[in-house]
Amino acid sequence: MNHWLLKSEPGTFSIDDLAAAPRRTTTWDGVRNYQARNTLRDSMKKGDTAFFYHSSCEIPGIAGIVRIVKEGYPDKTAFDPQDAHFDPESDASEPRWYVVDVQLVRKLKRLITLDELRKHARKQLADFVVLRRGNRLSVTPVSKTEWEFVLSLE
DNA sequence: GCCAACGTTGGC
DNA sequence: GCCAACGTTGGC
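The rules behind the values
Residues numbered from 1 in each chain as written. Chains lettered and ligands numbered in written order. Predicted model: local features only at pLDDT ≥ 70, side-chain atom pairs only at ≥ 80, totals over all residues. Heavy atoms only, no water. Core = buried A, V, L, I, M, F, W, Y, C linked by side-chain atoms within 4.5 Å. Buried < 20%, exposed > 50% of the residue type's maximum accessible area, 1.4 Å probe, protein only. Helix = DSSP H or I, 4+ residues; strand = E, 2+ residues; numbered from the N terminus. Near = heavy atom within 4 Å. Polar contact = N/O pair within 3.5 Å; in protein donor to acceptor, adjacent residues only side chain to side chain. Nonpolar A, V, L, I, M, F, W, Y, C, P; charged D, E, K, R; others polar.

S.K.: Help me understand the nonpolar core, please; the structure alone is not making it clear to me.
M.R.: When a protein is soluble and globular, its nonpolar side chains tend to lie buried together. Counting residues in hydrophobic clusters, the biggest one holds 19 residues, and the most contacted among them are L6, W28, M44, V66, V100, V102 and V139. Breaking this core down by element, the ones donating at least two residues are β1 (3–8), α1 (15–20), α2 (34–43), β3 (49–54), β4 (61–74) and β5 (98–113).

S.K.: What exactly am I supposed to notice about unusual backbone geometry here?
M.R.: Phi is mostly negative for residues that are not glycine, and the peptide bonds are mostly trans. A positive phi angle is found at R23, which is not glycine, with a value near 55 degrees. By the element assignment, R23 lies in the loop between α1 and β2 (25–27). For R24, which is not a glycine, the phi torsion comes out positive at approximately 50 degrees. As for its placement among the helices and strands, R24 is situated in the loop between α1 and β2.

S.K.: So what exactly am I meant to see when it comes to the protein's contact with DNA strand B here?
M.R.: As a structural note, the neighbourhood of DNA strand B is formed by K7, Y53, S55, S56, P60, L114, R118, N135 and R136. Backbone sugar and phosphate groups make up 81% of those atoms of DNA strand B lying within 4 Å of the protein. Contact between DNA strand B and K7: a phosphate oxygen at 2.8 Å from a side-chain N or O atom of the residue. Its residues placed into classes, the surface near DNA strand B shows three nonpolar, three polar and three charged.

Given below as structure tokens:
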């Protein structure tokens, strides 16, 4: 069972939006980065859990936990000219972009802020990908020890 | 294959 | 709104 971190801008889609969604489930679509695509397509498995991270907002941080309920399949928003994530280069017969479906497990009791995570960047979270300078990946792996440590902060 | 230009991300 | 980081694009 592996762990991940998924970034979302709460102005676009927040943890509360997920909590309000039917079956508290959503399709994680619109990812347009090859490394993140590979993770979605190849590595994320049903039953894996992920932190739901709020980025590009007033207080960035980890807001909740989600579970992968459907493994990688083609991102249909790439085929829709009306969609903001339309990619004319992606063809249904050879899809370029992938999604997974995630379900809310629970919101954290409180937001674990980026500020707070940084306080541990020299020790327990020395390799935490989201703390890396210039990190822009929207889908990143989280080790078991990092996962447990972050939850211990809660 | 190199690399400059450009666009996007994301914290501040 | 600014800017550093970094992925992508396209000319050569």
